[in-house]
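# Per-entry structural report
As a plain string of letters, each chain reads:
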Amino acid sequence: MKREGQIRIPSGCAIAGVIDKSGKVFNGEIIIRSIAAMHERSNGLGGGFAAYGIYPQYHDAYALHIFYDHETAKFNCEEYLKRFFDIVHQGEIPTRSIKEITDAPLIWRYFVHPLPSKLSMSELDETEYVARCVFEVNTRIDGAYIFSSGKNMGIFKGVGYPEDIGRFYRLEEYEGYCFTAHGRYPTNTPGWWGGAHPFGLLNYSVVHNGEISSYDTNRRTLEMYGYPCTLQTDTEVITYIIDYLHRKLGLEFPEIAAVIAPPFWQTIERMPSAEQEYHTYLRNVFSSLLVNGPFSILIGFAGGIAALNDRLKLRSLTVGEKGSRVYFASEEAAIRIVEPDLSRVWAPKGGEPVVVLWGDA
Amino acid sequence: MVRNERCTKCHICQRQCPYGVHQRIVDSDTGAVHIVADDAKCVNCQRCVAMCPMRALKIVKSNCSYRENAYWSQKAVMEIHRQAEQGGVLLSGMGNPEDYPIYFDRILLNASQVTNPPIDPLREPMETKVFLGSKPQTIVRDHTGRISCQLPPQITVAMPIMFSAMSYGSISLNAHLSLAQAAQELGIMYNTGEGGLHESLYQYGKHTIVQVASGRFGVHPDYLRNSAAIEIKMGQGAKPGIGGHLPGAKIGPEIARTRMIPEGTDAISPAPHHDIYSIEDLRQLVFSLKEATDYTKPIIVKIAAVHNVAAIASGIARSGADIIAIDGFRGGTGAAPTRIRDHVGIPIELAIASVDQRLREEGLRDSVSLVVGGGIRSSADIVKAIALGADCVYIGTAALVALGCHLCRSCHLGKCAWGIATQDPELVKRLDPEVGYKRLVNLIRAWQHEIKEIMGGMGINAIESLRGNRLMLRGIGLNDRELSILGIKHAGE
């Protein structure tokens, strides 16, 4: 059986997310309950979470979460990390052994700062330096896979139903201001933990439900921009598009939405001329980054969350609001189960982004 | 030539045939009328067959042939006879007809099933609009933070199809007018070729690509300005490395004026541009043309698909060109030396794949658009070309076929019975531009519908998501080397 990255595996999925706009932290219990309500949308072959604001004690350090297939991989990877980073703290990620989760790899966590001398020699900005090191480990060091690399955030994922993965990682012990979750329904069985979602790079994490038909157009474009796409998954490609547009080119999330799920020409033609010019420009310059085919995605980033549907809305996505909390899920039931009394609930239109920043409350 | 009993001896066939095949003979003794045919003169243009009101004519393959020989084909022997007689270079019209692999026919397309839905083009928008030009990946904002929407000049086409370069001279004014009107109605472009632009066609300037070729015929400031884009022709798929020659006999007063040469003189385009002996010279011409048009027109550089096409294309991308046009070895021509046409160059499918890949490896794919031509026969070929990496296609032969061409490949004789590749006023009249342009519009609209259907089946609703999307393609009956050059998997993988 080929593993993720050697073969492209389509999947269906469930996604969920919750953010507290006031920045108030809460534990991972809520998101587990929310995603568990959509048990039927996963098939036990992948689940995971992204949590923001969970490492206040090391908020300035990059938190690297790494899967190792074997001790040699760990040894090689740590040697590599020592050469490029100052490791402030390291240890195994605490897990709870439960019968539903088996075949777990070695799962380690490192809080690191780039070595100042290496960083200045590289003439890269800090985020680019870290991103390149992540690519280097993931493409060069056999058996090692960095699956989370942001600051004050972390991804927790594996093979299993998402609620079981949540219990396995003891997610209820983490407190953050924003969580996202993913339950996967792949069409075949890779059984590799790195293939589960969310997919992350630096502070960005993406959970995605759908199968994009523009995959190879997007992938080949991103590879030209220096993103090696090793997993052959849509989520990887979408994450890199966001990293490219947000971190490298400085586009805002509504602008990013206008690139990856732009309005149709027939809609653009009816807009005032300044808007026409703006959308035509983005569609022309970034035509290869249009994401086609069905998707609903939740993008976690430092300080907020963005939700987006494909331009035809071929995947479900519901948003609910109560007080300072905003909830997102593939199904409204997954929101109602954690907050039955919503002040507002709606399904965003295709291509219409919902961006929530903490501090908006 | 087979004529059946339905023939009424109306001798329309005689009047229609410019090659003198049919002849009406009246028996001086009996007064009986016969129509006889000289088969040796027939080029199989099908004009008489199509025009016979009684459907009495049929052109069949003659079984009068040389002794069979698997190595010395009849064609090879006959060509030697011709050359032994005349001592000349063999000439041919239209594209390479020889039996080389056709990669388009060895590539299959994908469609959505279950995990993502196909999209119905009759119910949902299906977008085919394409912009061609350089697209720098930098974001500039004004003081209010708004994105500045300045871009290098682009051309916009409603669908990824343009009419490729065919000069006034190689084809008739009526053919040019048909192409120009169709381009305007369809929101696409036609291309003047190297023969200048007839005054009556200036009104179609927004849909015109004007060509600057090695002969520089008809090139003047108004010509350059009266265009959507300017194309520098470095090469042509039908005759890479070869110039052009329009015989003086075809240079009547109108063509002479348009080409800015004396009437009756041969119009000879040299093989090279004599101011371009290398890539650094090309850059100078690119910028001369940009200067001449105040940087308002995208510059296309057209080359033939030859062995090192990928390296050449990457050089062109670094030379200020906005668009690269690549012409495959099946590309048509009014006249080319047969040996060149049939033996020089490579298939466009392989050229697209290797050029697109090389430009990506060098990070140059955004700085140029890729227009490909040379053997595009159908909407399926277009979809495959775009999925391999092209932005847009050029069609030449297919457009002429829409105008009535039956691919008899005798353009070089200048007696086109369909009024396309001729300057004989009597023959030119046969092509009514009103009818011609409608046929072109019909063809391209039909292809656009088909492209939308295919895209919808793939779950794609904007053509840009098809560009370079090689996962949508699978090879059938191709070897590993071919698959790796095309960058596609084999069917079943």
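By convention here, each chain's residues receive numbers from 1 onward along its written sequence. Each chain is given a letter, starting from A, and each ligand a number, starting from 1, according to the order in which they appear as written. Per-residue local features are limited, in this predicted model, to residues with pLDDT of at least 70; the limit for side-chain atom pairs, both in listing and counting, is 80 or more; totals at the level of whole chains, interfaces and linings are taken over all residues.

## Some points on the overall build of chain A
Of regular secondary structure, chain A possesses 11 helices and 18 strands. Taking 21 Å as the expected radius of gyration for a compact globule of 361 residues, we find that chain A reaches 19 Å, a close match to that expectation. Along the first, second and third principal axes, the C-alpha set of chain A runs to 60 × 50 × 45 Å. The exposure label follows from counting other C-beta atoms within 10 Å of a residue's C-beta, where the C-beta atoms are placed from the backbone and the thresholds are 20 or more for buried and 12 or fewer for exposed, leaving partly exposed in between. Taking all 361 residues of chain A together, the buried fraction comes to 56%. The way it works is that DSSP assigns letters per residue, a run of H or I at least four long becomes a helix, a run of E at least two long becomes a strand, and they are numbered from the N terminus. It is over C-alpha atoms that the radius of gyration is taken, and the globule rule equals 2.2 Å times the number of residues to the power 0.38.

## A word on the sheet that holds strand β5 (residues 85-92) of chain A
Within a sheet, neighbouring strands are paired by backbone hydrogen bonds and run either parallel or antiparallel to one another. All names here are of chain A. Being paired, for any two strands, means DSSP has found at least two bridges between them. Ordered in space as β5-β6-β4-β7, the 4 strands form an open sheet in which the pairing is antiparallel. The open sheet has two edge strands, β5 and β7 (144-148), and neither has a second partner. Averaged over all neighbouring strand pairs, the angle between strand axes comes to 30°, with direction disregarded. Both β5 and strand β6 (residues 106-114) contribute to a ladder of 7 bridges, which runs antiparallel. Orientation is described by axes fitted as lines to C-alpha atoms, over the contacting stretch for helices, and by angles from 0 to 180 degrees between their N-to-C directions.

## Here we look at the interface of chain B and chain A
Contacts between the two partners involve 31 residues from chain B and, on the opposite side, 30 residues from chain A. Side-chain classes are defined by residue name, with Ala, Val, Leu, Ile, Met, Phe, Trp, Tyr, Cys and Pro counting as nonpolar, Asp, Glu, Lys and Arg as charged, and the others, Gly among them, as polar. Grouping the amino acids of the side of chain B that touches chain A by side-chain chemistry returns 11 nonpolar, 11 polar and 9 charged. Residues are treated as contacting if the C-beta atoms built from their backbones sit within 7 Å of each other.

## Brief notes about the pairing of strand β3 (residues 47-52) of chain A
Residue and element names in this part refer to chain A. Counting buried residues along β3, 6 of its 6 residues qualify, which places the element largely inside the surrounding structure. Here β3 shows no split at all, with Gly47, Phe49 and Ala51 on one side and Gly48, Ala50 and Tyr52 on the other all buried. As paired elements, β3 and strand β8 (residues 153-158) share 6 bridges and run antiparallel to each other. Paired with Gly48 across the two strands is Lys157, which belongs to β8. Here β3 pairs with strand β10 (residues 178-186) via 6 bridges, running antiparallel.

## Quick word on helix α10 (residues 348-361) of chain B
Residues and elements named next belong to chain B. To estimate the expected span of a helix, subtract one from its residue number and multiply by 1.5 Å. Counted at 1.5 Å a residue, the expected span for α10 with its 14 residues is 20 Å, and the 20 Å between its end C-alpha atoms agrees. The complete set of buried residues in α10 reads Ile348, Glu349, Leu350, Ala351, Ile352, Ala353, Ser354, Val355, Asp356, Gln357 and Leu359. In the core, the buried residues of α10 are packed alongside α8 (309-317), β16 (323-327), β18 (369-373), α11 (379-388) and α15 (480-486). Just downstream of α10 lies Gly363, where phi reads positive at about 70°.

## Observations regarding the confidence of the model for chain B
pLDDT is defined as a per-residue confidence score from the predictor, taking values between 0 and 100. Overall, the predicted model of chain B reaches an average pLDDT of 95, with 100% of residues at or above 70. With a pTM of 0.94, the predicted complex shows an ipTM of 0.92.

## Overview of the environment of B:Ser214
Residue and element names in this part refer to chain B. Turning to its location among the elements, Ser214 is positioned in the loop between β11 (208-212) and α5 (221-225). Spatially, the C-alpha atoms of Ser214 and Leu246 are 13 Å apart, while their sequence positions differ by 32 residues. Apart from residues no more than four positions distant in its own chain, Ser214 is found in contact with Gly243, Ser269, Pro270, Pro272 and His273.

## Re the environment of B:Cys10
Residue placement: B:Cys10 occurs in the loop between β1 (2-3) and α1 (12-16). We classify B:Cys10 as partly exposed; it has 15 C-beta atoms within 10 Å.

## Points about the sheet that holds β16(B)
Residues and elements named next belong to chain B. Strands sit in the order β9-β19-β18-β16-β15-β12-β11-β10 across an open sheet of 8 strands; the sheet is parallel. Each of the sheet's edge strands pairs with one partner strand only, and the pair in question is β9 (161-163) and β10 (190-191). Of the strand pairs in this sheet, strand β15 (residues 299-304) and β16 are connected by 5 bridges, and their pairing is parallel. When the sheet's bridge partners are listed, Ala304 is paired in β16 with Asp327. Strands β11, β12 (229-233) and β15 of the sheet are contacted by helix α7 (residues 279-292), whose axis makes an angle of about 145° with β15. Along the sheet, α8 makes contact with β15 and β16, crossing β16 at roughly 155°.

## Quick word on the domain arrangement of chain B
Residues and elements named next belong to chain B. Segmentation of chain B into domains returns domain 1 (2-58) and domain 2 (107-111 + 120-490). With 9 residues of domain 1 at the interface, the matching set in domain 2 holds 7 residues. Taken together, the residues of the side of domain 1 that touches domain 2 sort by class into 5 nonpolar, 3 polar and 1 charged. Each domain span listed reflects an automatic or database assignment of domains.

## Quick look at the nonpolar core
Residues and elements named next belong to chain B. The term nonpolar core refers to a set of buried Ala, Val, Leu, Ile, Met, Phe, Trp, Tyr and Cys residues connected through C-beta atoms within 7 Å. Of all hydrophobic cores here, the largest spans 253 residues; its most connected members are Ile300, Ile324, Ile326, Val371 and Val393. Considering every element that reaches this core, the biggest residue donor is helix α14 (residues 433-458), with 9 residues. Taken domain by domain, this core gets at least three of its residues from each of domain 1 (2-58) and domain 2 (107-111 + 120-490). Ignoring any residue separated from it by four or fewer positions in sequence, one finds Val371 in contact with Leu132, Met162, Ile300, Ile323, Ala325, Ala390, Asp391, Cys392, Val393 and Tyr394.

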